[in-house]
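# Coordinates in review
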Amino acid sequence: MTRIDFADELEDAANRIADINRADLQIILRRAALRLRNTEGVVLDQEVNETVYALAGVLRMTKQDLLRTMIREWLEKGGYLPVPMLEEDGEVDGSA
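The present account deals with the structure reproduced in this document. What you see is a predicted model; the values in this text were computed from it and never measured.

Let us now look at unusual backbone geometry. A negative phi holds for most residues other than glycine; trans holds for most peptide bonds. Positive phi is not limited to glycine here, since Arg 60 has a value of about 55°. Following the sequence through the fold, Arg 60 ends up in the loop between helix H3 (46-59) and helix H4 (63-77). The exposed category is assigned to Arg 60, whose relative accessible area is 80%.

Let's shift gears to the pattern of salt bridges. Counted under the stated rule, the structure contains four salt bridges. In this structure, Asp 65 and Arg 68 form a salt bridge, with 2.7 Å as the shortest nitrogen-oxygen distance. Remark: Arg 68 and Asp 65 occur in helix H4; sequence separation between them is three residues, near one turn of the helix. Between Glu 76 and Arg 72 there is a salt bridge; the shortest N-O distance is 3.4 Å. Taken as a pair, Glu 76 and Arg 72 lie in helix H4 at a separation of four residues, close to a single helical turn. Taking the relative accessible area as the measure of exposure, Arg 72 reaches 45% and is therefore partly exposed.

Time to look at the packing of H3 against H4. H4 packs onto H3 with a crossing angle of 95° between their chain directions and a minimal axis gap of 9 Å. In terms of their interaxial angle, H3 and H4 are classed as roughly perpendicular. Packed against H3, whose contacting residues are Asn 49, Val 52, Tyr 53, Leu 55, Ala 56 and Leu 59, the element H4 presents Lys 63, Leu 66 and Leu 67 at the interface. Of the residues in the contact of H3 with H4, the class split is seven nonpolar, one polar and one charged.

Thresholds applied
Residues numbered from 1 in each chain as written. Predicted model: local features only at pLDDT ≥ 70, side-chain atom pairs only at ≥ 80, totals over all residues. Heavy atoms only, no water. Helix = DSSP H or I, 4+ residues; strand = E, 2+ residues; numbered from the N terminus. Buried < 20%, exposed > 50% of the residue type's maximum accessible area, 1.4 Å probe, protein only. Salt bridge = Lys/Arg side-chain N within 4 Å of Asp/Glu carboxyl O. Axes fitted to C-alpha atoms, helices over the stretch in contact; angles between N-to-C directions. Parallel < 35°, antiparallel > 145°, perpendicular 65-115°, else oblique. Contact = heavy atoms within 4.5 Å. Nonpolar A, V, L, I, M, F, W, Y, C, P; charged D, E, K, R; others polar.

What follows is the structure, encoded as structure tokens:
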């Protein structure tokens, strides 16, 4: 079911709220909640999406974590975000 189909189903249920049975309404609302939780927010071209998924697998990260890291690092390198400074006496995880 596409997002548009799903939105149409929600709108139809809202239009006939008095006629829809409770069980069907619960199913529709649970499906809506699940879709909202799983919404990625960024739609990528197929080629870019496949590449990001492949890289995320290599780095053992989720797609969302990889995209967050990539965007943060890009903004830091571009000077749009401050780069976090390490303290001289601070602990490091052993990688440079």
